[in-house]
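This is what each chain is made of:
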Amino acid sequence: MGDLAREAPGARLRSIGGMDLPPGPRAPALWQTVAWMARPAAFLRRAHDTFGDPVTIRTYWTEEPMVLFSHPDAVREVFRLDPAVAPAGESWEFLRPFAGPHSILLLDGEAHLRERRLMAAPFHGERMRAYAPIVAELARRELSTWSGRVSALERMRQLTLEIILRVVFGAQGDREIAQLRDAVEDTLDIVRSLPTMLAMAVVRRDLGRRSPWGRFRVAVERFDALLLDLVARRRAEPRGDSVLAMLLEQRDAAGNPPTDRHLRDQLVALLVGGHDSSAASLGWAFERLARHPAVHERLREDDPAYLEAVVKEVLRVRPALTIAPRRLLQPVRIAGTALPAGVQVAACLWLALRREDLWPEAAAFRPERWLEGPAPNPMSWIPFGGGMRRCVGAPFAEMEMREVLRAAADLRIRPGHPEGERATRSMLVLTPHRGAEVLVG
Ligand code: HEM
């Protein structure tokens, strides 16, 4: 990996939103919000190329300006920030109506660590060996239906949802699965639509059943009823070795089992964290493989090291999430830059994964880079974030990608359009703008 260039820190502050912050785009917050949602990769690249690292952006995503860092030393400092000074949960407050009060996503400090210990148990390495054959079977079944023009993203949404419902939620039987699937899709479809998301970001209130937040509330209520019913049935009659079955075994410090509401919030956190992110990453995998037949060809050799390299390279060159944000409650200094309380800071995953000084020909999809040369700086390969908030489901996500790509090795695909697809934002994740269209056969 190349030399790490370093800018003189702190020299270039500018007044943004009444605070002295590193410079960034001067366009109004509304314009930046539209660019952040519709053309996130181009927006980040341009902001970085014009203003360097760090750069401050202003979007309706958060009420405060956000300072993005991508240098690995700065990224390490962001991940090490004390949660009492820089809680991550506050950056996800807008998810509260869906995530619920017990959600790991919203908690910080001791409560977050306690929750994390409980939720990490089902995601240990040996559990992945138990889940892998089920995931492989579901992937083979899905891919066997592909023919003609296919939106790989859409199909991966269906597959990853089915995997979550069966393996994580422990749902069984076609009726149970279909009911849950419909309720999840009704809920997520509202927030996946770009115009609705914009409307929800600008008007942050529930203005009745027909307004975006009102429709979302009604969909969440329907989903909750099904989820609480599922939890009650599994509690009464434990079956299988799903993630939910393991979560039912949890005991708090006083030896009490979790309440139904707590389990509901854990399942929703796993759904929010794991569904769209995995579907987007797999959608991108097909989008890239269709345009790199030599890589796809080499997958057919069934070499575990190469498969691993493809998974890592997809997550690097097309990360599903762009930032790991924290909200500053007190002033801090990050990589020499003094930042005031009230601002958001983020490790910018997208920019860190595209640094030319760390990833030569950073925009190129080249799995071979993982088989040659030294291992990358751990603070530069960060598609799963880092520190004590690093993705709980990362082992599951990587296992899922390995199994789906292994199952897809013999598939014959071509790109649905000659030019590569650009990134657009769908709820929290970056997705290919044409839905990763491929021609099969
Ligand atoms: C390729 C797929 C995935 C990607 C790219 C991804 C990425 C991430 C990222 C960037 C974070 C935030 C880290 C931070 O703030 O530092 C996160 C958190 C989280 N992810 Fe994932 N994730 C993926 C799949 C999954 C799966 C499959 C699950 C569960 C089944 C999951 C569950 C979670 C949870 C519960 C958190 C919150 C952790 C915490 O706050 O302590 N993720 N993920």
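In the block above lies the structure referred to throughout.
No experiment lies behind these values; they were computed from the predicted model shown. (Residues numbered from 1 in each chain as written. Predicted model: local features only at pLDDT ≥ 70, side-chain atom pairs only at ≥ 80, totals over all residues. Heavy atoms only, no water.)

Some details on the overall build of the protein
Then, number 1: Helix and strand counts for the protein come out as 16 helices and 13 strands.
Then, number 2: Radius of gyration (C-alpha) of the protein: 21 Å, near the 22 Å computed for a compact globule of 441 residues.
Then, number 3: Taken over the C-alpha atoms alone, the protein extends approximately 60 × 55 × 45 Å along its principal axes.
Then, number 4: The 441 residues of the protein split such that 57% are buried.
Then, number 5: Contacts spanning at least 24 positions in sequence make up 73% of the contacts within the protein whose residues lie at least 6 apart.
Then, number 6: Accessible surface, the protein: about 18,300 Å² in total, of which carbon and sulfur atoms supply 54%. (Helix = DSSP H or I, 4+ residues; strand = E, 2+ residues; numbered from the N terminus. Rg over C-alpha atoms; globule rule 2.2 N^0.38 Å. Buried < 20%, exposed > 50% of the residue type's maximum accessible area, 1.4 Å probe, protein only. Contact = heavy atoms within 4.5 Å. Areas by Shrake-Rupley, 256 points an atom, 1.4 Å probe, with all protein chains shown as cover.)

Details of the nonpolar core
Then, number 1: Trp146, Phe169, Phe223, Phe286 and Ile334 are the most contacted members of the largest nonpolar core, which totals 150 residues.
Then, number 2: At 15 residues, the largest contribution of residues to this core is made by helix α12 (residues 260-291).
Then, number 3: Discounting chain neighbours no more than four positions away, the residues touching Ile334 are Phe69, Ala74, Glu77, Val78, Leu81, Leu339 and Val345. (Core = buried A, V, L, I, M, F, W, Y, C linked by side-chain atoms within 4.5 Å.)

Brief notes about the sheet that holds strand β4 (residues 66-69)
Then, number 1: Pairing within the open sheet is mixed, and its four strands lie in the order β3-β4-β9-β6. Pairing within the sheet leaves two strands with one partner each, and these edge strands are β3 (55-57) and β6 (323-327). With direction set aside, neighbouring strand axes in the sheet form an average angle of 30°.
Then, number 2: Two strands pair when backbone bridges link them, and β4 and strand β9 (residues 344-348) are joined in this way by four bridges, in the parallel orientation. What sits directly across from Met66, in β9, is Gln344. (Pairing = 2+ DSSP bridges. Axes fitted to C-alpha atoms, helices over the stretch in contact; angles between N-to-C directions.)

Re the environment of Gly435
Then, number 1: Summarising the element assignment, Gly435 is placed in the loop between β12 (429-432) and β13 (437-440).
Then, number 2: For the pair Gly435 and Arg155, spaced 280 residues apart in the sequence, the C-alpha separation amounts to 9.5 Å.
Then, number 3: Residue contacts for Gly435: discarding those within four places in its chain leaves Ser151, Ala152, Leu153, Glu154 and Glu421.

Points about the pattern of salt bridges
Then, number 1: Taken as a whole and judged by the stated rule, the model has 34 salt bridges.
Then, number 2: A salt bridge links Glu308 to Lys312, with the nearest nitrogen and oxygen atoms 3.3 Å apart. In this pair, Glu308 and Lys312 both sit in helix α14 (residues 304-317), four residues apart, roughly one turn of the helix.
Then, number 3: Across the pair Glu419 and Arg434 runs a salt bridge whose closest N-O atoms are separated by 3.0 Å. With Glu419 in the loop between β10 (413-415) and β11 (423-426) and Arg434 in the loop between β12 and β13, this residue pair connects regions lying 15 residues apart in the sequence. (Salt bridge = Lys/Arg side-chain N within 4 Å of Asp/Glu carboxyl O.)

Section: the coordination of the iron atom of the ligand
Then, number 1: Donation to the iron atom of the ligand from the protein comes from one atom only, Cys391 (SG), at 2.3 Å.
Then, number 2: Mapped onto the secondary structure, Cys391 falls in the loop between α15 (349-352) and α16 (394-407). (Donors = N, O, S within 2.8 Å, 3.2 Å for Na, K, Ca; no water.)

Let's talk about the sheet that holds strand β5 (residues 148-151)
Then, number 1: Pairing within the open sheet is antiparallel, and its three strands lie in the order β5-β13-β10. If you trace the sheet from one side to the other, it starts and ends with β5 and β10, each paired once. Between one strand axis and the next, the sheet turns through 35° on average, direction left out of account.
Then, number 2: The sheet contact formed by β10 and β13 spans three bridges and is antiparallel. Its bridge partner being in β13, Arg414 is matched across the sheet by Leu439.
Then, number 3: In this fold α12 packs onto β10 and β13, with an angle of close to 90° to the strand it touches most, β10.

Treat this as a map of the structure, not an account of what it does.
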